[in-house]
Amino acid sequence: MPPQGGHPQGAGAPPILQVAVPRPLQEALDYRPPPGAWPAEPVGCRVEVPLGRSRAVGIVVAVRHSSDLPASRLRAASAWVDEQPLLDTELLETLTWAARYYRYPLGTALATALPGPLRQGRPARRAVAWWRLDARLHEDDRAVRRAPRQAELRRRLLASGGAAPYALLVAEQPAWQRAGRLLEQAGLLHREYHPAQAEGSADRTPRPGPELDADQQQALECMLAADGYAAFLLEGVTGSGKTEVYLQTAARALAAGRQVLILVPEIGLAPQFLERLRERLSGSVVVLHSGLSGTDRAEAWLAARDGDAAVILGTRSAIFTPLPRPGLIVVDEEHDPSLAQQDGFRYSARDLAVLRARTLDVPVVLGSATPSLESLHNARGARYTHLRLPHRAGLARAPSVQLVDIRSRRLVGGISAPLQEAVRRHLDAGSQVLLFLNRRGYAPVLICHACGWVAGCHRCDARLTYHRSRAQLRCHHCGHTARVPAACPECGEADLRPLGPGTERLEEALAELFPGVGQLRIDRDTTRRRGALEAQLAAAHRGDAQLLIGTQMLAKGHHLPAVTLVAVIDVDQGLFGADFRATERLAQLVVQVAGRAGRGEQPGEVLLQTRHPEHPMLRTLLERGYPAFAEAHLAERQAAGLPPYAALALLRAESVHADAPYLFLESAAQYGRSRLGKGGGVELLGPVPAPMERREGRHRAQLMVRAERRIDLQRFLVAWSGGLGSLEGARQVRWSLDVDPVEMV
DNA sequence: AGCACGCCGACT
DNA sequence: GTCGGCGTGCTC
């Protein structure tokens, strides 16, 4: 076949491929097509291309007849990687849109959406690697006589007819991995790919679900009535059975032969969810999250693309899973910030879920007990249908929530007398008690009682946390550790005292107050090992301990049915944060934590220790609940011109030099003002110091871009962001642009 | 992001 | 005289 033979454009000038390469470039690059036969549909296929002095795997985003560059400057792509598109039109369009919207280079955006092996050009076959012994080694063992592991592997392979799956071999004997690689290099062992076994789970009979109550039934019917795209905000209090509604909606989509994509904020929540999915839904279920190996991710991703995976359960990045037979998208805990943020490609998986649902013309459900103000705003504006599950299912009743005023009260390890009394009462009744404190370590501050010196991090504007168990001072922001000084480095007095409670200290205090009562502390320090969290949760479930102490990680949807008392040791922590979302976060946290109480048959009790019992947010939340709080807070946001009543972008910059971020941000602001046409509807605010000005030895500052209308913000960003990299001072700082930031930090 | 080119300090 | 520091600039 002649070089251009077979391309669909026929005779005439050879077409040009526009290839998005995995480099931070604004645009795709033009290449002449590679020699050889064309794929039937080139757009969405990977090609290998020469790039500078190296080569790269890029994705064809368009085929053109001409290029802006002279033909002499075009290089030819080296080879097609795919015979059919890896990214279908819809996914490619979604990613292109997201790259534009979030101002991120297209090639890098596409690359981050793909599992590692596919990004690097591995065949898009769902294949299992096998090792086959070279024919020379069948009769003749001379080559391996002096290498016992290789000889072993040879015997093993001969025993199964000369070939076996790689993963199986390595599982049997890890040392064979190295032995095999050596044989492979010597050409005595060959890698081959066999088609993956189809998932044999489609024939299970799903277990029927429980009867729905009236609210659930109504929500379900409403969703099932959707024909094509529809967005639902499912606001269901903890224990109201949101999951059941998802499951039954999903079952309907599956029955119609469609795929269901379910996003969860973190995979820690997934195992219980996964079990329920497998038990209740027909069709094969795959998971997709960052904890998987590249190969496993590629396998799951391709199973979805081939339409073999019926249910895809994943975290943030799973929003970029191909869905050839889309039926439903579910975003669980839609308010959770881990569905957005993260560094690099800063996108909101929740927002993209809605976008994809619209493009794919399928329903999308955003579920939460504490919906984000953005979603509530959308529901009010009729962009989402608001479905409510206001009652706990079954016998479980809503817990009673009370504030404990701890002003001028004596605290033992952070515990007030009323709380101590309540703990006693619940323990005596044979229940479990959960104490929530979002601060690990022994004490957040170590202070010199003589001169007032406080142990601080020299790389961050932060106090060092005192960890007593390891006699260490640790910075929770940069990981710096130091030994605890014997005496004050300032005045020399040996009177350093821990100030304030941490989970370790809470543990100690509880041991004194309730001797003999089993305790379980669940924070990042006790769950560092793999599987430790699961093990601890299982222990909590079994009732191995009556007192459970936990940080943030325990606030999320884990079922602890024997817990009847939940106490928040210090609710004030989140009350006056620098972030305008701090109050919303705190309200969500309080409600989520409270949701851990009394899921069983006994009613729950929730105590919140505070020094600000009159705080309006706490009052509203307690007296009138989350929906009323949200209502009040939305009004505040509107008055302040903040999201969801405005669109924001944040330009951050950091450097080891104190003034570099300001110099860069000043020139960015100036450049921005020059690009602001008259009446652009955009404001530039700052630069201002970041909430924690110095972190990991770097000075940080930020410039806020605010617009009343999203379209104005986008128009401005398009005109502005491209030029930022070549501004004065840009090379002296690390900078990033965050569109729709969820955290100001 | 890679990767090279380019112009100034301590080494055989 | 060179090896190599990372500042600057490009990748079709």
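What counts as what
- Residues numbered from 1 in each chain as written.
- Chains lettered and ligands numbered in written order.
- Predicted model: local features only at pLDDT ≥ 70, side-chain atom pairs only at ≥ 80, totals over all residues.
- Heavy atoms only, no water.
- Helix = DSSP H or I, 4+ residues; strand = E, 2+ residues; numbered from the N terminus.
- Rg over C-alpha atoms; globule rule 2.2 N^0.38 Å.
- Buried < 20%, exposed > 50% of the residue type's maximum accessible area, 1.4 Å probe, protein only.
- Contact = heavy atoms within 4.5 Å.
- Areas by Shrake-Rupley, 256 points an atom, 1.4 Å probe, with all protein chains shown as cover.
- Lys, Arg positive; Asp, Glu negative; His and termini not counted.
- Charge placed at Lys NZ, Arg CZ, Asp CG, Glu CD.
- Domains from an automatic or database assignment.
- Buried area = accessible area lost by both parts, 1.4 Å probe.
- Pairing = 2+ DSSP bridges.
- UniProt positions renumbered as here; feature names shortened; annotations may be inferred.
- Near = heavy atom within 4 Å.
- Salt bridge = Lys/Arg side-chain N within 4 Å of Asp/Glu carboxyl O.
- Expected span 1.5 Å × (residues − 1).
- Polar contact = N/O pair within 3.5 Å; in protein donor to acceptor, adjacent residues only side chain to side chain.
- Nonpolar A, V, L, I, M, F, W, Y, C, P; charged D, E, K, R; others polar.
- Core = buried A, V, L, I, M, F, W, Y, C linked by side-chain atoms within 4.5 Å.
- Axes fitted to C-alpha atoms, helices over the stretch in contact; angles between N-to-C directions.
- Left-handed = near helix turned anticlockwise from the far one by under 90°.
- Phe/Tyr/Trp six-rings, centres within 6.5 Å; stacked < 30°, edge-to-face > 60°.
- Lys NZ or Arg CZ within 6 Å of the ring centre and 35° of its normal.

So what's going on with the overall build of chain A? Residues and values would help.
If you tally the helices and strands in chain A, you get 20 helices and 31 strands. The C-alpha atoms of chain A give 29 Å as radius of gyration, which agrees with the globular expectation for 745 residues (27 Å, within 12%). Over its C-alpha atoms, taken along the principal directions, chain A stretches across nearly 90 × 75 × 65 Å. Across the 745 residues that make up chain A, the buried fraction comes to 52%. For chain A, the share of sequence-separated contacts (at least 6 apart) that also reach a separation of at least 24 residues comes to 76%. Taken as a whole, chain A presents about 33800 Å² of accessible surface, with 50% of it coming from carbon and sulfur. Here chain A contributes 91 positively and 79 negatively charged side chains, and the mean placements of these two sets differ by 5 Å.

Summarise the domain arrangement of chain A; cite the residues concerned and give the values.
Size of an interface: often given as the accessible area lost when the parts come together. As assigned here, chain A comprises domain 1 (16-119), domain 2 (127-195), domain 3 (214-389), domain 4 (400-443 + 500-635) and domain 5 (647-739). Using only C-alpha atoms to locate each centre, domain 1 and domain 3 end up separated by 29 Å. Contacts between the two partners involve 19 residues from domain 1 and, on the opposite side, 21 residues from domain 3. Of the roughly 1700 Å² buried where domain 1 meets domain 3, counting both sides, 74% is carbon and sulfur surface.

I'd like a description of the sheet that holds strand 4 (residues 54-64), backed by residues and values.
One open sheet accounts for six strands, arranged 5-2-1-4-3-6; its pairing is mixed. Since the sheet does not close on itself, it has two edges, and those belong to strand 5 (75-76) and strand 6 (79-80), each with one partner. Across five bridges, the pairing between strand 1 (residues 16-20) and strand 4 is antiparallel. Paired with Ala20 across the two strands is Ile59, which belongs to strand 4.

For the UniProt feature "binding site: Zn(2+) 2" (unreviewed entry) in chain A, give the residues involved together with the corresponding values.
Per the UniProt record, "binding site: Zn(2+) 2" (unreviewed entry) is found at Cys457, Cys460, Cys475 and Cys478. Across 22 residues, the annotated set stays spatially compact, with a maximum C-alpha separation of 8.7 Å. Note that Cys457 resides in the loop between strand 19 (445-448) and strand 20 (465-467). Residue classification places Cys457 among the buried residues on the basis of a relative accessible area of 7%. Residue contacts for Cys457: discarding those within four places in its chain leaves Ala462, Leu464, Cys475, Cys478, His480 and Arg694. With respect to the secondary-structure elements, Cys478 resides in the loop between strand 21 (472-474) and strand 22 (481-483). Setting aside residues no more than four positions away along its own chain, Cys478 makes contact with Cys457, Arg459, Cys460 and Glu696.

Give a detailed account of the protein's contact with DNA strand B, specifying residues and quantitative values.
Near DNA strand B, the surroundings consist of Arg23, Pro24 and Arg53. Each atom of DNA strand B within 4 Å of the protein belongs either to a base or to sugar and phosphate, the latter forming 36%.

Describe in detail the pattern of salt bridges, supporting the description with residues and values.
The final tally for this structure, using the stated rule, is 46 salt bridges. With its nearest N and O atoms 3.4 Å apart, the salt bridge here joins Asp525 to Arg474. Of this pair, Asp525 sits in the loop between strand 24 (519-522) and helix 16 (532-542) while Arg474 sits in strand 21, and the two are 51 residues apart along the sequence. Between Arg706 and Glu708 there is a salt bridge, with the nearest N and O atoms lying 3.2 Å from each other. The exposure class assigned to Arg706 is buried, which follows from its relative accessible area of 15%. Several salt bridges converge on common partners, so that one network encompasses Arg126, Glu299, Arg305, Asp306 and Asp308.

Explain helix 1 (residues 89-101) to me, using residue names and the numbers behind them.
The terminal C-alpha atoms of helix 1, which comprises 13 residues, lie 18 Å apart, in line with the 18 Å expected from a rise of 1.5 Å per residue. Among all positions of helix 1, only Glu90, Leu91, Leu92, Thr94, Leu95, Ala98, Ala99 and Tyr101 are buried. Looking at the packing, one finds that the buried side of helix 1 touches strand 4, helix 2 (106-113), helix 11 (294-305), helix 12 (349-360), helix 20 (710-724) and strand 31 (734-739).

Provide a residue-level description of the protein's contact with DNA strand C, including the pertinent values.
In the vicinity of DNA strand C there are 13 residues, among which Leu25, Asp30, Tyr31, Arg73 and Arg75 approach most closely. Within 4 Å of the protein, atoms of DNA strand C come from sugar and phosphate in 42% of cases. Within the backbone of Asp30, one N or O atom sits 2.7 Å away from a sugar or linking oxygen of DNA strand C. A distance of 3.0 Å is found between a phosphate oxygen of DNA strand C and a side-chain nitrogen or oxygen belonging to Arg73. When residues in the surface near DNA strand C are grouped by element, the largest group, three residues, is from strand 2 (residues 29-32). Among the residues forming the surface near DNA strand C, the class breakdown is seven nonpolar, two polar and four charged.

Quick one: what's the story with the nonpolar core, residue by residue and with numbers?
The biggest cluster of nonpolar side chains holds 116 residues, and the ones touching the most others in it are Leu87, Leu263, Trp301, Ile319, Phe320, Leu651 and Trp720. In this view, Leu87 contacts Val43, Gly44, Ile59, Leu92, Leu95, Leu110, Leu114 and Trp301; residues no more than four positions away in its chain are not counted. Counting residues in each nonpolar core, the second largest holds 28 residues, with Phe232, Leu281, Val285 and Val311 among its members.

Tell me about the packing of helix 8 (residues 214-224) against helix 9 (residues 242-255), and name the residues and values.
It is the contact of helix 8 with helix 9, at a shortest axis distance of 10 Å, that shows an interaxial angle of 35°. Helix 9 is crossed by helix 8, and the crossing has right-handed handedness. When helix 8 is examined against helix 9, the residues Gln216, Ala219, Leu220, Met223 and Leu224 are found in contact with a partner set consisting of Glu244, Val245, Gln248, Thr249 and Arg252. Of the residues assigned to the contact of helix 8 with helix 9, the class counts are five nonpolar, three polar and two charged.

Explain the environment of Ala62 residue by residue, including any values.
By the secondary structure assignment, Ala62 is in strand 4. The sequence separation of Ala62 and Pro271 amounts to 209 residues, and the corresponding C-alpha distance is 40 Å. Filtering out sequence-adjacent residues up to four positions away, Ala62 remains in contact with Ile16, Leu17, Gln18 and Val43.

Give me the lowdown on the packing of aromatic side chains, citing residues and values where you can.
Applying the stated criterion across every chain, the model contains twelve aromatic pairs. The interplanar angle of 90° and the centroid separation of 4.9 Å between the aromatic rings of Trp131 and Tyr166 together place this pair among those described as edge-to-face. Remark: Tyr166 occurs in helix 6 (residues 166-172) and Trp131 occurs in strand 7 (residues 127-133); sequence separation between them is 35 residues. One aromatic cluster is present, formed by Tyr104, Phe320, Phe345 and Tyr347 through successive ring pairs. The lysine or arginine in question, Arg316, covers the ring of Tyr347, its NZ or CZ lying 3.8 Å from the ring centre.

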